[in-house]
Amino acid sequence: MSTVTDRVSEVTRAAVFQAFANPLVSNLVRRHGGRFGARRFVAGEALADAISVVARLERRGFRTSVQYVGESVTEPMLADAAADEYVAAADAFAQRGLRGYLSVKPSQIGSDLSFDHAVRNLERVLIAARAAGLSVRVEMEHAPSVEATLRLFERVRADHGNVGIVLQAYLYRSRDDLERLAPLRPDIRFVKGAYREPPDVAFPNKSDVDRNFRDLLFTHLERGGTAAAATHDGRIIEDARAYARAHTIPRDRLKFEMLYGIRVGLAERLLAAGEPIVVYVPYGTHWYQYFVRRLAERPANALFVLRSVLRR
Ligand SMILES: Cc1cc2nc3c(=O)[nH]c(=O)nc-3n(C[C@H](O)[C@H](O)[C@H](O)COP(=O)(O)OP(=O)(O)OC[C@H]3O[C@@H](n4cnc5c(N)ncnc54)[C@H](O)[C@@H]3O)c2cc1C
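In this text the structure is predicted, and so the values were computed from the model without any measurement.

### Some details on the environment of Ser111
Link 1 in the chain: By secondary structure assignment, the location of Ser111 is in the loop between strand E2 (101–104) and helix H5 (115–131).
Link 2 in the chain: Since its relative accessible area comes to 28%, Ser111 is described here as partly exposed.
Link 3 in the chain: Taking C-alpha positions, Ser111 is 8.9 Å from Thr74, a pair spaced 37 residues apart along the chain.
Link 4 in the chain: Not counting chain neighbours up to four residues away, the residues in contact with Ser111 comprise Pro106 and Ala118.

### Concerning the site of the ligand
Link 1 in the chain: Surveying the vicinity of the ligand reveals 25 residues, the closest of which are Lys192, Gly193, Lys206, Thr231 and His232.
Link 2 in the chain: At 2.7 Å from an oxygen atom of the ligand is found a main-chain nitrogen or oxygen belonging to Gly193.
Link 3 in the chain: Ala194 has a polar backbone atom sitting 3.0 Å from an oxygen atom of the ligand.
Link 4 in the chain: Its free accessible area being 940 Å², the ligand has 85% of it covered by the protein chains.
Link 5 in the chain: Elements supplying a minimum of two residues to the shell around the ligand: strand E4 (163–168), strand E5 (187–191), strand E7 (254–259) and helix H11 (287–297).
Link 6 in the chain: At three residues, the largest contribution of residues to the shell around the ligand is made by E7.
Link 7 in the chain: For the shell around the ligand, a count of residues per class yields ten nonpolar, five polar and ten charged.

Thresholds, definitions, all that
- Per-chain numbering applies: the sequence of each chain, read as written, is numbered from 1 onward.
- A pLDDT threshold of at least 70 governs which residues receive local features in this predicted model, and a stricter bar of 80 or more applies before side-chain atom pairs are shown or counted, although totals over entire chains, interfaces and linings include all residues.
- Only heavy atoms go into the side-chain values, all of them from the structure, while hydrogens and water stay out.
- Runs of E in the DSSP output that reach at least two residues are strands. Runs of H or I that reach at least four are helices, and both are numbered from the N terminus.
- When a residue's accessible area, from a 1.4 Å probe over protein chains only, is under 20% of the maximum for its type it is buried; when over 50% it is exposed; and in between it is partly exposed.
- In this analysis, two residues are considered to be in contact whenever any of their non-hydrogen atoms come within 4.5 Å of each other.
- Here a residue is considered near a molecule or strand provided that any single heavy atom belonging to it is located within 4 Å of it.
- In the analysis that follows, any N or O atom pair within 3.5 Å is treated as a polar contact, provided that within protein one partner can donate a hydrogen and the other can accept it, and provided that, for residues neighboring in sequence, both atoms belong to side chains.
- All accessible-area figures derive from a Shrake-Rupley calculation using a 1.4 Å probe, and residue coverage is judged against the displayed protein chains alone.
- In this classification, the charged set is Asp, Glu, Lys and Arg, the nonpolar set is Ala, Val, Leu, Ile, Met, Phe, Trp, Tyr, Cys and Pro, and all remaining amino acids, among them Gly, are polar.

So, in structure tokens, the structure goes:
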């Protein structure tokens, strides 16, 4: 994709965020989320909603990764409550005999408060997850927090085999971070990167991000690593599958991970072809920002929702 196209999509994304920050729009969509299509991307507000979506997906052969939506928590009680929610989710998974992952954002469980606070909460979640036979994925947030997130992962990794991490292909530093993490033999989710980052830390051009995604993923696989390619980009997915075939990478070392409600047809085709597909299932009361991010990735969807809002 050209730089001009990259700029156009950047402007469109900014316009979507601005439109959905309007109080009239946000109040209406928050109040009647289901009517505006939020349920297409978010399981619901309660843990029970997530569990029923997970159970349905698992029955069809998908694996799942559940996220209790939230980030940038600055109240200790709320950070602890988010960790409690993940502990409850692990228990609920175990009771229903569900497998899967828990996806946790460090800033949701206290990393903006203190490093130790986040370590304490993450360890609680990891212990509950291990008892339930689950893994935990520590997610990567905006660039200034990457160093602390890597340290958090390094701190817990020695004692917890059920923890994985994320690397973002748009960051220049991710190549070095891959080297740094290699001795820990991490299970890594590779993503393009979701935050707006300046050109001194992240590739501004989509084509460079896509190239780096492949480089990071293939380097990790070549070294015997376990990976999740978390993308809806059909070309990258096909290249990863071709790489895995050519290098006889076993299926338990390369999973594909997609967001709930996005490119469902592609996910189903890959599943039918025998690929391990993890569906990322978000839930919780703070779903609005997550929903708007998904709309910003696909302006046609944003326009559809805005038209429905205007018709009311
Ligand atoms: C499972 C999972 C976990 C993630 N975890 C993190 C994380 O921890 N940290 C982080 O920074 N980012 C994370 N992300 C987000 C990621 O960084 C990207 O912002 C996001 O996945 C969009 O990029 P893409 O790889 O799908 O490629 P793109 O090039 O953006 O999209 C490829 C194609 O997918 C389709 N598509 C993409 N988005 C949509 C949409 N909303 N609606 C309809 N079609 C769409 C379009 O056809 C598009 O052409 C995660 C993504 C996934 C799938």
